[in-house]
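Fold and geometry: a report
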Amino acid sequence: MIASVRGQVTAIGPDTVVVEVGGVGLALHCSPGTLADLRVGAQTRLAASLVVREDSLTLYGFADDDAKGLFELLQTASGVGPRVAQSILAVHSPDAVRVAIATADTAALTRVPGIGKKGAERLVLELRDKIGAVAVLGDGGVTTVGGAPVWQEQVRQALIGLGWVARDAESAVAAVHDSLDKSADPPPVPALLKQAIRMLGRTR
């Protein structure tokens, strides 16, 4: 898996950038905002997400790991592929996307080309518990909305740190959550992490 690329920018197109890494030019699909900060001849470091299809290998580039993580998380929602996920991040910043999902702001989500009202509602329904707690500034000051149980985010981040992509990490966390006795407190995070790893088919 390619998690990031670092090298010299050799070409910039309408929606791609070519970064030379070790003598190999890698083409990454990027949002206009990411491309705007790049310059031909300059060194750059881009977080990267590799999307594998039967007939293609496509790299998507991001200014930071936060945007990359959200890009991968968005694709866990039904009907959201890499193109739509990138379109969302081209219209909204990662923080704005999280706030829109946490507050069920479907109007903001439908400003993204390709996302209608039903698609926006599905994003809110499927991702609201996955994005973590979000701070929102309102008339009464800053409040926190949304968010899954703390252990879910801790296990998700641990799995990503061990090398799994966000989509697989989310699936494992969801499977662990479904297996728990909801009437009792969850086990310690290390035990939950081991359970998630077993569900991913790897023993430690």
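All residue numbers refer to positions counted from 1 along the written sequence of the respective chain. With the structure being a predicted model, the display of local features is reserved for residues of pLDDT at least 70 and the display and counting of side-chain atom pairs for 80 or more, all residues being used for whole-chain, interface and lining totals. The basis for every side-chain value is the complete set of non-hydrogen atoms in the structure, without hydrogens or water.

1. Here's the deal with the environment of T103
If you trace the backbone, T103 turns up in the loop between helix 4 (94-102) and helix 5 (106-109). T103 sits 25 residues away from R128 along the chain, and the two C-alpha atoms are 8.5 Å apart. Polar contact is defined as a pair of N or O atoms within 3.5 Å, subject to the rule that within protein one atom must be able to donate a hydrogen and the other to accept it, and that residues adjacent in sequence are counted only when both atoms are side-chain atoms. Within the structure, the side chain of T103 is placed 2.6 Å from the backbone oxygen of V99, a separation counted as a polar contact. Secondary structure follows DSSP: runs of H or I at least 4 residues long count as helices, runs of E at least 2 residues long count as strands, and numbering of each begins at the N terminus.

2. Here we look at the nonpolar core
Side chains that are nonpolar tend, in soluble globular proteins, to be buried together. The criterion is simple. A nonpolar core is a set of buried Ala, Val, Leu, Ile, Met, Phe, Trp, Tyr and Cys residues joined through side-chain atoms within 4.5 Å. Each residue gets one of three labels from its accessible area relative to the maximum for its type: buried under 20%, exposed over 50%, partly exposed in between, using a 1.4 Å probe on protein chains only. Counting 27 residues, the largest nonpolar core has L74, L123 and L127 as its most contacted members. Broken down by secondary-structure element, the contributors of at least two residues to this core are strand 4 (43-53), strand 5 (56-62), helix 2 (65-74), helix 3 (82-91), helix 4, helix 5 and helix 6 (117-127). If you tally residues by element for this core, the top one is helix 2, at five residues. Residue contacts follow a heavy-atom distance rule, with two residues in contact if any of their heavy atoms lie within 4.5 Å. Among residues more than four places away in sequence, those in contact with L123 are L74, A77, V80, I88, I101, L109, I115 and R128. In this structure, V155, W164, L193 and A196 belong to the second largest nonpolar core, which totals 13 residues.

3. Brief notes about helix 6
What helix 6 keeps buried is the set G119, A120, L123, V124 and L127. One face of helix 6 carries all of its buried residues, which in axial projection span an arc of 140 degrees. Seen from the buried face of helix 6, the exposed residues on the opposite side, beyond 90 degrees, are K117, K118 and L125. Structurally, helix 6 contributes buried residues whose contacts are with helix 2, helix 3, helix 4 and helix 5. What the arc covers is the set of directions going from the helix axis to the C-beta atoms.

4. Quick notes on the packing of aromatic side chains
Each aromatic pair joins two rings of Phe, Tyr and Trp (for Trp, the six-membered one) with centres within 6.5 Å, and gets the label stacked for planes under 30 degrees apart, edge-to-face for over 60, and tilted for any other angle. Applying the stated rule across the entire model yields two aromatic pairs. Where Y60 meets F71, the ring centres are 5.2 Å apart and the plane angle is 35 degrees; that geometry is what we call tilted. Residue Y60 is found in strand 5, and its partner F71 is found in helix 2; the two are separated by 11 residues along the sequence. Between F62 and F71 the ring centres are 4.7 Å apart and the planes differ by 50 degrees, which places this aromatic pair in the tilted class.

5. A closer look at the side chain of T58
The residue T58 is located in strand 5 in this model. If near-sequence neighbours (up to four positions away) are discounted, T58 is found in contact with H29, S49, L50 and V51.

6. Here we look at the sheet that holds strand 3 (residues 24-29)
Strands are treated as partners if at least two bridges between them are detected by DSSP. Read once around its circumference, the closed barrel built from five strands follows the order 1-2-3-5-4, with strand pairing classed as mixed. Adjacent strand axes in the sheet meet at a mean angle of 55 degrees, parallel and antiparallel pairs treated alike. Fitting a line to C-alpha atoms yields each axis, with helices limited to the stretch in contact; the angle taken between N-to-C directions then spans 0 to 180 degrees. Its contacts with the sheet place helix 2 against strand 4 and strand 5, and it is angled at close to 10 degrees to strand 4. Packed on one face of the sheet, helix 3 meets strand 3, strand 4 and strand 5 and runs near 10 degrees to strand 5.

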